[in-house]
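# Secondary and tertiary structure notes
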Amino acid sequence: MTMRPIRIIGDPVLRTPCEPVTSFDADLRALVADLMDTLLGAPGRAGVAAPQIGVSAQVFVYDADGHRGHMINPTLELSEEPQDDDEGCLSIPGLYFPTTRAMHATAHGFDQHGQPLTISGSGFLARALQHETDHLRGRLYVDTLRGDTRRKALREIRAGRFDSPSRRR
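Just so it is clear, the model here is predicted, and its values are computed rather than measured. (Residues numbered from 1 in each chain as written. Predicted model: local features only at pLDDT ≥ 70, side-chain atom pairs only at ≥ 80, totals over all residues. Heavy atoms only, no water.)

### What about the UniProt feature "binding site: Fe cation" (unreviewed entry) in the chain?
Following the UniProt record, the feature "binding site: Fe cation" (unreviewed entry) maps to Cys89, His131 and His135 here. Spatial clustering of the annotated residues is evident: they stretch over 47 residues in sequence, but the largest pairwise C-alpha distance comes to 10.1 Å. Of the residues named above, Cys89 and His131 line the largest pocket. Along the chain, the position of Cys89 falls in strand S4 (residues 82–89). In this structure Cys89 touches Gln52, Leu95, His131, His135 and Tyr141, once residues within four positions along its chain are discounted. The residue His135 is located in helix H2 (residues 124–136) in this model. Relative accessible area serves as the criterion here: at 1%, His135 is assigned to the buried category. (UniProt positions renumbered as here; feature names shortened; annotations may be inferred. 1 Å grid on protein atoms, 1.4 Å probe; cavity = no way out; pocket = protein on both sides within 12 Å on 5 of 7 lines; lining within 4 Å. Helix = DSSP H or I, 4+ residues; strand = E, 2+ residues; numbered from the N terminus. Contact = heavy atoms within 4.5 Å. Buried < 20%, exposed > 50% of the residue type's maximum accessible area, 1.4 Å probe, protein only.)

### What about the UniProt feature "active site" (unreviewed entry) in the chain?
According to UniProt, the positions carrying the feature "active site" (unreviewed entry) are Glu132. As for its position among the elements, Glu132 is in helix H2. Among the residues examined, Glu132 registers a relative accessible area of 4% and is labelled buried. Apart from residues no more than four positions distant in its own chain, Glu132 is found in contact with Gly47, Val48, Ala49, Gln52, Phe60 and Val61.

### Brief notes about the sheet that holds strand S1 (residues 47–49)
Strand order in the open sheet formed by five strands is S1-S2-S3-S6-S7, and the pairing between neighbours is antiparallel. Every interior strand has two partners, whereas the edge strands, S1 and strand S7 (116–122), have only one. Strand-to-strand, the axes of this sheet are offset by a mean angle of 40 degrees, without reference to chain direction. Pairing of strand S6 (residues 104–110) with S7, which is carried by seven bridges, proceeds in the antiparallel orientation. Paired with His104 across the strands is Ser122, a residue of S7. Relative to the sheet, H2 contacts S1, strand S2 (59–64), strand S3 (67–78), S6 and S7, its axis offset from that of S2 by approximately 160 degrees. (Pairing = 2+ DSSP bridges. Axes fitted to C-alpha atoms, helices over the stretch in contact; angles between N-to-C directions.)

Laid out in structure tokens, this is it:
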């Protein structure tokens, strides 16, 4: 089992759009395995994207609403119907804010062998698909926040009020 450390906000890899995957080889399968080990290696995790472990590749894994898997080079189709719920991120640990997402999402992409893959979900699974796809585009959930919620989130991040590894020492 290879559980990789999670990159924390401030790391440039989290703000850089990832490169599409072009080689569906053993290295990619090892990356998917490391991501899954990282996801399942601690309780309460719903997804991990490659940039969160320092790899600039369009790959994420998820475990949400009884669905577990991976997606490579995703594109999303989103419903107009919104959902509002608190959202958090492993890269901004300990902070949660009400975040609007689409209620339904369908992700199209590929599996680790290059075969076409489609995942559709509502509620929490839709939220996870959107959250992880955002990571691949260099976006964090706090980028979607508006108004007072956004100001509060940014104040707490600037003040270091999240559970960063440096604060745990």
